[in-house]
Amino acid sequence: MTVQEMLSVIEPDGGINGYDPKMSNEELLHCYRTMMRVRAFDDVALKLQRAGRIGFSIPNRGVEATQIGAAAALKKTDWIFPSYRDFGMALYHGVSPVDMMHNMYGNAADSAKGRQMPVHFSFRTPIQFFSISSPIGTHIIQAVGAAYAMQLRKEPHVVLSSFGDGGTSSLGFHSGLNFAAVWKSPVVFLCQNNQWAISCPSSQQTASESYAIKASAYGMPGIKVDGNDVLAVRRVVSEAVERARKGGGPTLVEAYTFRMGGHSTSDDPTRYVPKEELAKWEKKDPVANFERFLAKKKLWDPALGAKIAADSFAEIDAAAKVAEATPRPGIETIFSDVYRDVPQHIRRQGQAAFDLAHRKGDASAGDGAFPL
Amino acid sequence: MANLTLIQAVNDGLKVAMRTDPTVLVFGEDVGPKGGVFLATEGLTKEFGESRCFDTPLSEDGIVGAAIGMAANGLKPVCEIQFQDFIFPAFDQIVSEAAKLRYRSGGQYTAPMVIRTPYGGGIRGGLYHSQSGEAYFCHTPGLKVVIPSTPYDAKGLLLASIDDPDPVLFLEPKALYRTLKGEVPEGKYKVDLSTLRTAREGKNVTVFCYGAMVPVCMKAAEQAAEKGIECLVVDLRTLLPLDEEGVIEAAKQTGRVVVVHEAPRFCGFGGEISAIIAENAIEYMEAPIARVTGFDTPFPNTLEHHYMPDDRRVLDAIEHVWSY
């Protein structure tokens, strides 16, 4: 297969043409359930955003197979340097929807203490899901640094660095792939080519025939995979992960997929995505694709699908209610964690803000006392 | 004790850190077998091996970005940017990432790391080997900005920076690398960050300065003393977080203040010193605060000695605030 061809596993009839993913039924269903929970998370988050309960969300519809297939190739001792459209990976490895919803609300229980926009998650357990930032591509090279530490300590761990097609134009993409190839880093670069960087089509991002082909120039393997085929993504990323684990260096994986929704809840994709393109990809829905495979294995039928969808929605909806009932962070969280120890000038500013809030009577129950 | 130049003190500090802490790594452009363009890292690859002191691809964004990942995963990177003028491709990594990681992750991930870089004029480096960019970085919560001016402080502040739990930008005055020597203790010692150094006692005029401007101000203070004006010369050493109380106290001691830096004046660090004094000690001021700085122009090559504040300009400002 050349770097330009695209690897798929699931056939239109649900068969896999002799390929053995070596996954138990429970593992297969865990992938399916996680995809459905991502979908439910999208639905609940959109509802909350439209109702004004949260400010923002990032929809994942269309890219669930890429997220879950890649996550399924990792061990919990591996690290993920995610983009903001990757939280299915966290769900797959056991991050609780309640912890994620705390972030969506930016409340006192949020691991980021309400400092970030929604979907900018940060988790250390059950897997290292590195703190997400909004600038594009900065984490691609950081992943290589984290991998260097693993190499130096001779740990058998791997880093997955995930980004979109827009991310390939960033400084971090170039330095990340270049450093990783020179250092033979245990990193898998996952380019989720979802065709659109907000309103800019992939054709405006690169003149290359593909993203996978860029790997050749850096001196690493590149492979293009059907991003709507969870088994294909898992297969390709697993091979890259195992190569990296054995000291074989980095790989660039291009997952060819499509963002079925907007860039975010603040975006209206009907203004720029042609209807025909959407309709074409609608037929390649990654969940329906996987259902055909599971049905052929007698692991799925429409009734089970409906039950999992309902259970997923109920779980995420309940998580949102817990987060909604949690108070906002105290004013002191503006001033803590800038440095490990609060310096005198920030302490003074915090004390002044805190005193003013009390003086004006607008300090609410969540506000703790200074000094920190 | 050894009598070392500032660059030898930096080199000694790096060696001490690498000997005492196996997680300390040094990397950057030409820092490996060559030992750096100024020889700050001379001998490190030989003593500690290529996995702990090594050359990277020519990418400042890559150097700092990789350092962040290393720091987040248990290492203590001390990376070098060859000239501070070349740091700007890494500005995003420093400002958006290293400085904000602890805050944005609620303390779950941190970036304890040091970025060493030579700054400032005095070597005929023109626009791109001479700049003093400290103000860009001092506007960044989460970052620490340290500038030594003596060999003793260079080693002590560097070791304190390497042990610090937060990212530190360590700006080395390249003009002083080899122009002065000083006593430097052997082994490990630290100079606390965010503490001022009184370089000279005096009761008439307070001169605030840092880095390569410290010896310039000391020379001007000597000339002022000959004219009967005793200057209190304060070496700020750590610009962020600044010892504001120390600055206010030093300003109150004389009521007359000169602030000196070689960076351009507009929005420069001297503006912050002036504002802190104005906000907290204006009733003690006997004269307007004077700033002696680089001009609000790019850094020139042939005429750099006209651009950089010298003892003549500093003395002029001292006399002005004294006679006001």
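Predicted, not measured: the structure shown is a model, and the values here were computed from it.

1. Some points on the overall build of chain A
Counting secondary structure elements, chain A contains 12 helices and 9 strands. In terms of overall dimensions, chain A is globule-like: its C-alpha atoms have a radius of gyration of 21 Å, near the 21 Å expected for 372 residues. Projected onto its principal axes, the C-alpha coordinates of chain A cover approximately 70 × 50 × 40 Å. For chain A, the proportion of its 372 residues judged to be buried stands at 53%. Here the contacts in chain A between residues at least 6 apart in sequence split such that 77% fall between residues at least 24 apart.

2. Digging into unusual backbone geometry
The linkage connecting Thr125(A) with the following residue, Pro126(A), adopts the cis geometry, with an omega of -5°. Mapped onto the secondary structure, Pro126(A) falls in the loop between helix 4 (97-105) and strand 3 (128-129). Across the junction of Leu240(B) and Pro241(B), the peptide omega takes the value -10°, indicating a cis bond. Looking at the secondary structure, you find Pro241(B) in the loop between strand 12 (238-240) and helix 9 (244-254). With a phi angle near 45°, Ile198(A) is a residue other than glycine that sits in the positive phi range. Residue position: Ile198(A) is located in the loop between strand 6 (196-197) and strand 7 (200-201).

3. Structural notes on the interface of chain A and chain B
On the side of chain B, 39 residues touch chain A, which itself brings 34 residues to the contact. Of all the secondary-structure elements, those providing two or more residues to the side of chain A that touches chain B are helix 5 (138-152), helix 6 (171-183) and helix 12 (344-359) of chain A. Top contributing element to the side of chain A that touches chain B by residue count: helix 5 of chain A, with 10 residues. Grouping the amino acids of the side of chain A that touches chain B by side-chain chemistry returns 16 nonpolar, 13 polar and 5 charged.

4. Quick look at the environment of Val314(B)
By the element assignment, Val314(B) lies in helix 12 (residues 311-323). Those residues within four positions of Val314(B) in sequence are excluded, and the remaining contacts are Val216(B), Cys217(B), Ala220(B), Val258(B), Val260(B), Val292(B) and Pro309(B).

5. Some thoughts on the domain arrangement of chain B
Residue and element names in this part refer to chain B. What the domain assignment lists for chain B is domain 1 (2-184) and domain 2 (197-323). Between domain 1 and domain 2, the C-alpha centre-to-centre distance is 26 Å. The interface of domain 1 with domain 2 comprises 26 residues on the first partner and 25 residues on the second. Looking at the side of domain 1 that touches domain 2, the elements that each hand over two or more residues are helix 6 (134-138), strand 6 (144-146), helix 7 (151-163) and strand 7 (168-173). Broken down by class, the residue content of the side of domain 1 that touches domain 2 amounts to 14 nonpolar, 8 polar and 4 charged.

6. Observations concerning the sheet that holds strand 9 (residues 251-256) of chain A
Residue and element names in this part refer to chain A. Pairing within the open sheet is parallel, and its 7 strands lie in the order 1-8-9-5-4-2-3. The open sheet is flanked by strand 1 (6-7) and strand 3, the only strands paired with a single partner. Two strands pair when backbone bridges link them, and strand 1 and strand 8 (residues 222-226) are joined in this way by 2 bridges, in the parallel orientation. Note that in strand 8 the partner of methionine 6 across the bridge is lysine 224.

7. Quick word on the confidence of the model for chain B
Of the residues in chain B, 100% reach a pLDDT of 70 or more, and the chain-wide mean stands at 98. Prediction confidence for the complex, expressed as pTM and ipTM, is 0.97 and 0.96 respectively.

8. Looking at the sheet that holds strand 2 (residues 24-28) of chain B
Residues and elements named next belong to chain B. On the basis of which strands lie adjacent, the open sheet formed by 7 strands has the order 3-2-4-5-7-6-12 and mixed pairing. Every other strand in the sheet has two partners, leaving strand 3 (53-55) and strand 12 as the edge strands with one partner each. Strand-to-strand twist of the sheet, defined as the mean angle between neighbouring strand axes without regard to direction, takes the value 20°.

The rules behind each value
- Residues numbered from 1 in each chain as written.
- Chains lettered and ligands numbered in written order.
- Predicted model: local features only at pLDDT ≥ 70, side-chain atom pairs only at ≥ 80, totals over all residues.
- Helix = DSSP H or I, 4+ residues; strand = E, 2+ residues; numbered from the N terminus.
- Rg over C-alpha atoms; globule rule 2.2 N^0.38 Å.
- Buried ≥ 20, exposed ≤ 12 C-beta atoms within 10 Å, placed from the backbone.
- Contact = placed C-beta atoms within 7 Å.
- Nonpolar A, V, L, I, M, F, W, Y, C, P; charged D, E, K, R; others polar.
- Domains from an automatic or database assignment.
- Pairing = 2+ DSSP bridges.
- pLDDT = per-residue confidence, 0-100.
- Axes fitted to C-alpha atoms, helices over the stretch in contact; angles between N-to-C directions.

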